[in-house]
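Chains, contacts and geometry: an overview
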Amino acid sequence: MKITFSRILIASGIFLCLNSCREEAFISDKAGNASNIGDANVKNGRLYFPNKESLKAKYEELKSVSDKDIISYVDNKNFESLRPVITEENAAQVVETIKERKISLSVNNSLAGKGVAQNPSTIAVEDVLTDLDDLEEIIGDDAYSAMLNGEAEIQVADKIYKYTDVGLFITPATKYDVLVNYLEVNSISRNLLEPTDALVAKDFIESMPSEKLVTITTDVEYFNANRIAPDEPDSGGGGGGGPYYPPSNPPVQEDIAQIIEGLKIGEIRTPRLGNIFGTTWVTDDKYEDRRRVKVKFYSQDLWLVYAIGCKVKHQYRGWTGTWRKENADKLGMGVNSISWSFTHTYDPPLGGLPGQRYFFEDKVFTTVDQYYNYVNMGPAKMPSLPFEKKIDGVIEWVYNVPSLTPEKLRKLFYEQAWKQVKKLGEKHNKKYNRVAFVVDTYTFTYVDYYDFSEIKDNQDVLEKVFDWGAVTPQITYTFGGGVGNGLSITKRDFDFKHPTAMGVNMYGIAKKNGGWHGAKLIKEKE
């Protein structure tokens, strides 16, 4: 297709607001508590934060520290986490903690007349290990999981937030007994180690709206972000997604590029718990009985926090049976694209703005040989994106078609746009590693994120987190970067938690004991 010059008519996108009351509540909370950020204490076995700003500050702090620092923080609070962070030193204790929790549940059920208490000797270690893996899938990062107590609860101000296998329940702390009674009456499990009956869970989730806070009773609110149906039990999901386009001369060593190209496309798991609060896709390469490379993408809305992330772990299964992180000689992660698409009203390109624009070095380039600043508007700023501070530049195209497939978008990027960016980098003696590719067509805007930068020595985990914090990632994207040439510039409203579609094409690799291992995670969501 021919790339044209475009002046796009101003049109509204599909601005899907998750829930404006949450935005307003957070802004009000922030304004009232900006100077009152404090650490948590423990109330009734839960971490308690005086306000959302305090929770967000501690969450961001814990995400930036080591596993041992997280363990130290939890231990100092004398607090039992939902899923304790696992290290070589504490693996056996973690297994015992989860086992004791299961025994306690069994005893409580017996006292309530729901069955006979389970003999501790009959609780298989393998069951405990499965529970630990399942708990990891409900929340994308270890920090937030560590902040929830053993019953998946946390308190902020006067409200308790309880995560279950059918969604999130919120109630005033003084009305907690009302919530307990509601769960009991509706046969919903209070503990993630004891699943709700599958049919009960299915019926309850289907009876509730998704991605919207609803009032169930005077004292109980409910939320879930269930966007896709989970796989059937024991289903591996799908490798899916069509052909893989390896980077043409990406900014990593040539031998690494060949290794990446030869990786298998992994079988994808979409665990049910991981998808109650958004989307979780997982694959791995078990290359030895006790070692694996785990590749994961998650896009989760936990109401109090949001996160979209890619993660690669190198793990070792010790004598306790738990999978814990282990340093690899080299660990790598590459994002061949995280893709978001947004529909808009029919809007054919009619001429005006250059059809190809490259925003790098605080300038906008229309060819690889020269750049210009729009007349009387100063330097061209990078267009606004939720992750603009994490990228080297933005490629912005207008394409004269109704829509594009993910495969076509990646071909455009690797075979055309990326080659231009490499030439631009050579001109400025720069190596660009992270870029966004924004393509506008008649009826869609596509935003793709690419990252080729991660190959590190002696690491056990690599992670890229697009952390939206406590506010929905809604942005107004201005074509042309907000600088004009006298023409009307289109603005579109995007909510990256509510795209029309989303997909990921990434890989994880690890070098251990002289060999390379890993898998591609490719998933398209139409």
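Our subject is the structure that appears above.
Residues numbered from 1 in each chain as written. Predicted model: local features only at pLDDT ≥ 70, side-chain atom pairs only at ≥ 80, totals over all residues. Heavy atoms only, no water.

Description of the overall build of the chain
Quick reminder of the rule: Working definition: helices are DSSP H or I runs of at least four residues, strands are E runs of at least two. Numbering for both runs from the N terminus. Working definition: with a 1.4 Å probe on protein chains only, accessible area under 20% of the residue-type maximum means buried, over 50% means exposed, and in between means partly exposed. Whether two residues are in contact is decided by their heavy atoms: any pair within 4.5 Å suffices.
Helix and strand content of the chain: 11 helices and 23 strands. Residues classed as buried in the chain amount to 56% of the 526 residues present. Within the chain, contacts between residues at least 6 apart in sequence are counted, and of these 70% link residues at least 24 apart.

Brief notes about unusual backbone geometry
Although it is not a glycine, Asn-78 adopts a positive phi angle of roughly 50°. Take Asn-78: it is sitting in the loop between α3 (67–76) and α4 (91–111). For Asn-78, a relative accessible area of 71% gives the class exposed. Not every positive phi belongs to a glycine, and Asn-458 is a case in point at roughly 55°. With respect to the element layout, Asn-458 can be found in strand β18 (residues 444–459).

Focus: the packing of aromatic side chains
For the record, the criterion: Here is the rule: rings of Phe, Tyr and Trp (six-membered ring for Trp) pair when centre to centre is within 6.5 Å. Planes less than 30 degrees apart are stacked, more than 60 are edge-to-face, and the remainder are tilted.
For the structure shown, the criterion picks out 20 aromatic pairs. Ring centres 5.6 Å apart and planes at 55° place the aromatic pair Phe-413 and Phe-437 in the tilted group. Of this pair, Phe-413 sits in helix α11 (residues 406–427) while Phe-437 sits in strand β17 (residues 434–440); the two residues are 24 residues apart in sequence, bridging distant segments of the chain. Between Trp-418 and Phe-452, the aromatic rings sit 5.1 Å apart at their centres with planes inclined by 55°, giving tilted as the arrangement. Highlighted residues: Trp-418 in helix α11 and Phe-452 in strand β18, separated in sequence by 34 residues. Given a relative accessible area of 1%, Phe-452 falls into the buried group. Through successive ring pairs, a cluster of aromatic residues spans Trp-397, Phe-413, Tyr-414, Trp-418, Phe-437, Tyr-450 and Phe-452.

Some details on the sheet that holds strand β3 (residues 153–156)
Backbone hydrogen bonds hold the strands of a sheet together, and the pairing may be parallel or antiparallel. Put simply, the test is: Only strands joined by at least two bridges in the DSSP assignment are considered to pair. Helix axes are fitted to C-alpha atoms over the stretch in contact, other axes to C-alpha atoms as well, and angles between N-to-C directions run from 0 to 180 degrees.
Taken in spatial order, the 7 strands make up an open sheet running β1-β2-β3-β4-β5-β7-β6, and their pairing is mixed. Strand pairing shows two members of the sheet lacking a second neighbour, β1 (41–43) and β6 (214–217), which therefore form its edges. Pairwise comparison of adjacent strand axes, ignoring direction, gives a mean angle of 30° for this sheet. Here 6 bridges tie strand β4 (residues 159–164) to strand β5 (residues 167–172), and the two strands are oriented antiparallel to one another. What sits directly across from Lys-162, in β5, is Phe-169.

Focus: the pairing of strand β16 (residues 393–398)
A large share of β16 lies buried, amounting to 6 of its 6 residues. A two-sided burial pattern is seen for β16, the buried positions comprising Gly-393, Ile-395 and Trp-397 on one face and Val-394, Glu-396 and Val-398 on the other. The sheet contact formed by strand β13 (residues 356–360) and β16 spans 4 bridges and is antiparallel. Along β16, the bridge assignment pairs Gln-356 with Trp-397. Where β16 and β17 come together, 6 bridges link them in parallel fashion. Paired with Gly-393 across the two strands is Val-435, which belongs to β17.

Points about the pattern of salt bridges
As a working rule, side chains carrying opposite charge can pair if their charged atoms are close by. Rules: Take a side-chain nitrogen of Lys or Arg and a carboxyl oxygen of Asp or Glu: if they are within 4 Å of each other, that pair is a salt bridge.
The full count for this structure, using the stated rule, is 20 salt bridges. We note a salt bridge from Glu-153 to Arg-46, for which the minimum N-O separation is 2.7 Å. Placement of the pair is Glu-153 in strand β3 and Arg-46 in strand β2 (residues 46–49), with a sequence separation of 107 residues. As far as the burial class goes, Glu-153 and Arg-46 line up, both buried. Arg-291 is paired through a salt bridge with Glu-288; the nearest N and O atoms lie 3.1 Å apart. Looking at Arg-291, the relative accessible area reads 14%, which means it is buried. With a relative accessible area of 31%, Glu-288 lands in the partly exposed category. Here the salt bridges do not stand alone but share partners, grouping Arg-46, Glu-151, Glu-153, Lys-162 and Arg-190 into one network.

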